[in-house]
Every structure is written in structure tokens, then in C-alpha cells.
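# Remarks on the overall topology
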Amino acid sequence: MTVSDDAKFGAMAWRLELGFDLHGSRFGIRCDDETLRNAIESLIPYGWRPAAYETSPQKLSLVTAAGSVPGGLYFDTRGYEPVYQFESLDPDTLKGLETKLTFALSLACAPHLFFLHAGAVAFGDHGILIPGTTFSGKTTLVRELIGRGALYYTDDCVIADRAGRMFPNSIPLAVRGESEREYRTAGSLGAEDGTGPAAIGTVLFTRYVEGGIWQPAVSEPGQSGMLILKNLFYPGAMREFPAATMEFAARVSQEADAFTGDRGDASQVADWIERRLNL
Amino acid sequence: MNNSQIPKARKNGLVIQEAGDEVLVYDLERNQAHCLNRTAAFVWRACDGTKSVPAIAEMLGKEFSGKADEDLVWLAIDQLSNERLLEAEIKLESNGLSRRAVIRRIGLAAAVALPVVAMLSFPSTSLAVTCSASFCGSDSPLNGCGAGDYCCQSSPGSGNYVCRNLPCSVPC
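Residues numbered from 1 in each chain as written. Chains lettered and ligands numbered in written order. Predicted model: local features only at pLDDT ≥ 70, side-chain atom pairs only at ≥ 80, totals over all residues.

Now for the overall build of chain B. For chain B, the helix and strand inventory stands at 4 helices and 6 strands. Counting from the amino terminus, helix and strand elements in chain B follow one another as β-β-β-α-α-α-α-β-β-β. Here chain B, with 172 residues, has 39% of them falling under the buried criterion. (Helix = DSSP H or I, 4+ residues; strand = E, 2+ residues; numbered from the N terminus. Buried ≥ 20, exposed ≤ 12 C-beta atoms within 10 Å, placed from the backbone.)

Below you can see the structure in the form of C-alpha cells.
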């Protein structure tokens, strides 16, 4: 913690200090409300284990109400600006907090773990990475693939290590319901969550286009590497750890088979995957 | 071609990563990543400050088992220079032809893939309080704000743009 953070948070009464280990990367979260333990733990990506708070190299401060310090999520070692600010912790705010916490963790865990805007599933230990921005159709394709027996890893944020392995981050899928977006677990959709790391074997740079036909083109490693970098959850990782981040992107793009192309119905891609992997 | 037009690849302030036949280059000063395809990467590596463009074209032809026109090398050098991947700026020498005309001319006869240097910018900080007007109204991951944040005008007509964790209330 910096001196300036001491000055800012010095008067705070911290009621809760939690330490975590996420796939070998450690961080701590402290909060001024001890009743939020379960809520905080539920927001940490799958696969975490308890660790010592005191020795965690990166710490986050979650402030619910504290006089001159506005409610929010603060990154202790990165100055005064809140990563996320809120006035009350209602369900909508908690959902927003989940996104912001993931973002903050992507800072805390770099360059040991990389967080990508991507969906991911695995057939056995063959991971399929589907990078893409919001509304590119990641969730629809993920849902189609888990409907065909793939293990669910995530529909929005992939966590991968420097060796190019992806880890389950089994947040509920954001599926479009009759009238609004619903959040469904893989289990409620008849699928199973991944439980361990999977090597990224296929990367699909695709997006939904109405009436589109899936005609994949091989993506060369450099091009794939750039597209992976473009989908970093925390682009600042490139500025802070350029060598490690580029090495990660190059490793994934060289070790996996990567393809680009627009798609129409998700079943086109799923059929192609099944043929390709001899499923 | 005079001596000042002998290209020399920049090495300082760059992080270089091989990716198959291509090369990823990160410019620490400009916070930009570049992808050089095989042709561009070959030309860039050959730019050691001693070789002329015809010499590099000859090397390129041997590497790719085909004749490589000098125009092809100039096209690579032009892109590398524009992306500041050379020590000094180099002007395209193509007998008055535009870059597009050069590409068209090469494209008809080339046995070697056209050189391509792709670029991707990274925001100065992803926890920025301020952001660029060009991203106003956007929650793009590249808007310079945190993930999912919107870049908004701070007040109507202010010309200041700030990051918000909600969609913009002030029209862009």
C-alpha cells in the first residue's frame, strides 16, 4: 500500500480481510462490512483457494460506507481513483461489481494470469477459445457447443496462464430469455462445468452475421496473436508487462489452430468443430 | 537512392516476439503493437543500415524462391517507416506512383506475399479518469477506461471526456 493510500484509508475500520490464491496468483480483499464475506467469495473466479491476506502482493479495498471515502472498489497500489464506485450494494450493483472485480483481478494477476474477453469450452482436454467483444455471439456459440457435450468454461471472460492453459471461470451464462437477459448455470442447461485446466487447442475469431455462412480461414500466428492482444480484459498488461504478454499471445497463437470468419447460425460452427475433432 | 535512404531497423524501445514466420513488435514509447507478416518481417530484419533496397530485394527473392521487385521492398519500408520501426524516416521511392498504384502493380506480378504491418494501439491507462473524444459513448475495451466503462462527455459542450461505469447521460 502506498503512503497516499494510507492517508486516504488510514481512518477506515476494516472488518474483513480475505486472502486468495487464484491458480498461483495471490491477492487480498479487505472490506468495511464483515457480513459481505460470502458475497465477496461468490464473486471470485472459480478455482480460488484461501491464502494469507497479509502477504498478498496485491490488495483491493471494498468500501461500503466510510465518511470521506466514497463507496467503491479501490486498487490499493494504483492511486486514488476507484476501479468501481457505488452508493449501495444492491443486486444490480453486485453484478457490476463482479465485472469490476474481474477487471481488478486481471490487473492483480498479470502477468501470471491473463484475462481475455472470450468464451471457452473444452472437449476432453482440448480447449476451444472464442475471443470477441460484447454482442459478437460468444454466448450463443458456447451454449451450442455445451449442448453437444463440451465442458463449460466461460461465456465472457477466459482466465489463462502463461503456459496457454485456460481455467474454468464458470460464471452463469447470460442467455437471452423471452423478455430480458437471464443468467443460467451450465448445469441448468444440461451441461457440465470444466473442473481443471485445458490446453487451448483451437481459437475461433468469429462473430455472428445474419445470414452468414461459416467459411473459416486459417489465421496465421502473428495475426492471431494480435487478435488475442486486442481482446485482453486489461489492455494495460501490454504496457506493464509487454514481453510476458506478447509471449503469451504468441504461445497461444502458435500452439493452437486458429481460424477467422463470420458465422450465421451457431450450429454451423458446432458441426464443423465436431467434424474437425472427430467427435 | 542516396545514403540517407539506406534503411536501418529501429531496435531501441521495442519488445520483439517471434510468432511463427511473423513478428510481433511492441513500441514502448508509443504503446502500440505491430504485427509484421513474413515479407515485412524479412525486410525489417534485413534493414541493418548497410544494405540498399536492391540488395534487400535480391535477398527477399532468394528467401522466397522467386523474383522480388524492389517496389515490394519499398512498400515494406514505407509501412515500417510510417509505423516508426526504422531509425530514420524513409520516403517511398516509386517513380511518382502512389502507394495504391504500387500495390496494384506489385499485386499483378508478385510471387511473394505483399508486406503487411498491422498496428494495434493500447490506451495509456486502463484506469484512466479521462478518455478520448473519439470513444465518446463507447464502452469499447480500447476506450482507455476500465473494462465495461463508458467514455462520456463530462458536461454538454465541455470538451472534457471522462470514464463512467454507466452509459453516458450527456449526449456525445
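Tracing the backbone shows Pro167(B) in the segment after strand E6 (161–164). For Pro167(B) and Asp149(B), which are 18 residues apart along the polypeptide, the C-alpha to C-alpha distance reads 7.9 Å.

The omega torsion of the bond from Ala110(A) to Pro111(A) falls at 5°, within 30 degrees of zero and hence cis. Within the secondary structure layout, Pro111(A) lies in the loop between helix H3 (91–109) and strand E7 (113–123). Here the phi dihedral of Asn31(B) falls at roughly 55°; this positive angle occurs in a residue that is not glycine. Inspection of the secondary structure puts Asn31(B) in the loop between strand E2 (22–27) and strand E3 (32–36). One non-glycine residue, Arg84(B), lies in the positive phi region at around 60°. Assignment of secondary structure puts Arg84(B) in the loop between helix H3 (70–82) and helix H4 (99–109).

Below, the discussion takes up the packing of helix H2 (residues 53–63) of chain B against H3(B). Residue and element names in this part refer to chain B. Contact geometry for H2 and H3: axes closest at 8 Å, N-to-C directions at 105°. Put simply, H2 runs roughly perpendicular to H3. For the pair H2 and H3, the contacting residues are Val-53, Pro-54, Ile-56, Ala-57 and Leu-60 in the first and Glu-70, Leu-72, Val-73 and Trp-74 in the second. Taken together, the residues of the contact of H2 with H3 break down into 8 nonpolar, no polar and 1 charged. (Axes fitted to C-alpha atoms, helices over the stretch in contact; angles between N-to-C directions. Parallel < 35°, antiparallel > 145°, perpendicular 65-115°, else oblique. Contact = placed C-beta atoms within 7 Å. Nonpolar A, V, L, I, M, F, W, Y, C, P; charged D, E, K, R; others polar.)

Taken in spatial order, the 4 strands of this open sheet run E1-E2-E3-E4 (chain B), and their pairing is antiparallel. Lying at the two open borders of the sheet, with one neighbouring strand each, are strand E1 (14–19) and strand E4 (117–121) of chain B. Ignoring which end each strand starts from, the neighbouring axes of this sheet average 20° apart. Pairing geometry for E2(B) and E3(B), over 5 bridges, is antiparallel. The partner of Asp27(B) across the bridge, within E3(B), is Gln32(B). Across the sheet, helix H7 (residues 242–255) of chain A lies against E1 and E2 of chain B, angled at about 15° from E1(B), the strand it touches most. (Pairing = 2+ DSSP bridges.)

As a further point, take the pairing of E7(A). Residue and element names in this part refer to chain A. Of all 11 residues that make up E7, 11 are buried, and the element is covered over most of its length. Residues Leu-113, Phe-115, His-117, Gly-119, Val-121 and Phe-123 of E7 are buried on one face, and the alternating residues Phe-114, Leu-116, Ala-118, Ala-120 and Ala-122, pointing to the opposite face, are buried as well. Pairing between E7 and strand E10 (residues 157–161): 5 bridges, direction antiparallel. The residue of E10 that forms the bridge with Leu-116 is Val-158. Between the antiparallel neighbours E7 and strand E8 (residues 126–131) lie 2 residues, among them Gly-124 with a positive phi of about 65°.

Residues and elements named next belong to chain A. Within strand E2 (residues 25–31), 7 of the 7 residues are buried, leaving the element largely enclosed by the surrounding structure. Note: strand E1 (residues 16–22) against E2, 7 bridges, orientation antiparallel. For Leu-16, the partnering residue across the bridge sits in E2 and is Cys-31. Linking E1 back to E2 in an antiparallel pair, the connection comprises 2 residues, with His-23 at a positive phi of about 50°. Both E2 and strand E4 (residues 58–63) contribute to a ladder of 5 bridges, which runs parallel. Opposite Gly-28, over in E4, you have Lys-59 as the bridge partner.

Residues and elements named next belong to chain A. Taken together, the 6 strands give an open sheet; going across it, the order is E3-E1-E2-E4-E5-E6, and neighbouring strands pair in mixed fashion. Each edge of the sheet is formed by a strand with only one pairing partner; in this case those strands are strand E3 (48–51) and strand E6 (82–85). The sheet shows a mean angle of 25° between the axes of neighbouring strands, direction not considered. One ladder, built from 4 bridges, connects E4 with strand E5 (residues 72–75); its direction is antiparallel.

Our focus in this paragraph is H3(B). Residue and element names in this part refer to chain B. Across its 13 residues, H3 extends 18 Å between first and last C-alpha, which sits within 8% of the 18 Å expected from 1.5 Å per residue. For H3, the buried fraction is high: 11 of the 13 residues fall into the buried class. Looking one or two residues beyond H3, the residue adopting positive phi is Arg-84, at roughly 60°. (Expected span 1.5 Å × (residues − 1).)

Note that Leu92(B) resides in the loop between H3 and H4. Along the primary structure Leu92(B) and Trp74(B) are separated by 18 residues, whereas in three dimensions their C-alpha atoms are 6.1 Å apart.

All names here are of chain B. In contact at an axis separation of 10 Å, helix H1 (residues 38–46) and H2 are set at 135° when each is read in the N-to-C sense. Between H1 and H2, the crossing angle belongs to the class labelled oblique. Once H1 is placed against H2, the crossing between them reads as right-handed. Of the residues in H2, those touching H1 at Phe-42, Val-43 and Ala-46 are Ile-56, Met-59, Leu-60 and Glu-63. (Left-handed = near helix turned anticlockwise from the far one by under 90°.)

Here we come to the confidence of the model for chain A. Close inspection of predicted coordinates is inappropriate for parts of the model with low pLDDT. Looking at chain A as a whole, its pLDDT mean stands at 89, while 93% of the residues score no less than 70. Ranking the elements of chain A by mean pLDDT puts helix H1 (residues 3–9) of chain A last with 57 and E8(A) first with 98. (pLDDT = per-residue confidence, 0-100.)

Within the largest apolar cluster, 117 residues are counted, with the highest numbers of intra-cluster contacts made by Ala104(A), Val121(A), Val158(A), Met166(A), Val43(B) and Val73(B). With 9 residues, the top contributor of residues to this core is E7(A). For Ala104(A), the contacting residues outside a window of four places in its chain are Leu60(A), Leu73(A), Phe75(A) and Val83(A). In terms of nonpolar packing, the next biggest core, distinct from the first, is built from 5 residues, Phe135(B), Tyr150(B), Cys151(B) and Cys152(B) among them. (Core = buried A, V, L, I, M, F, W, Y, C linked by C-beta atoms within 7 Å.)

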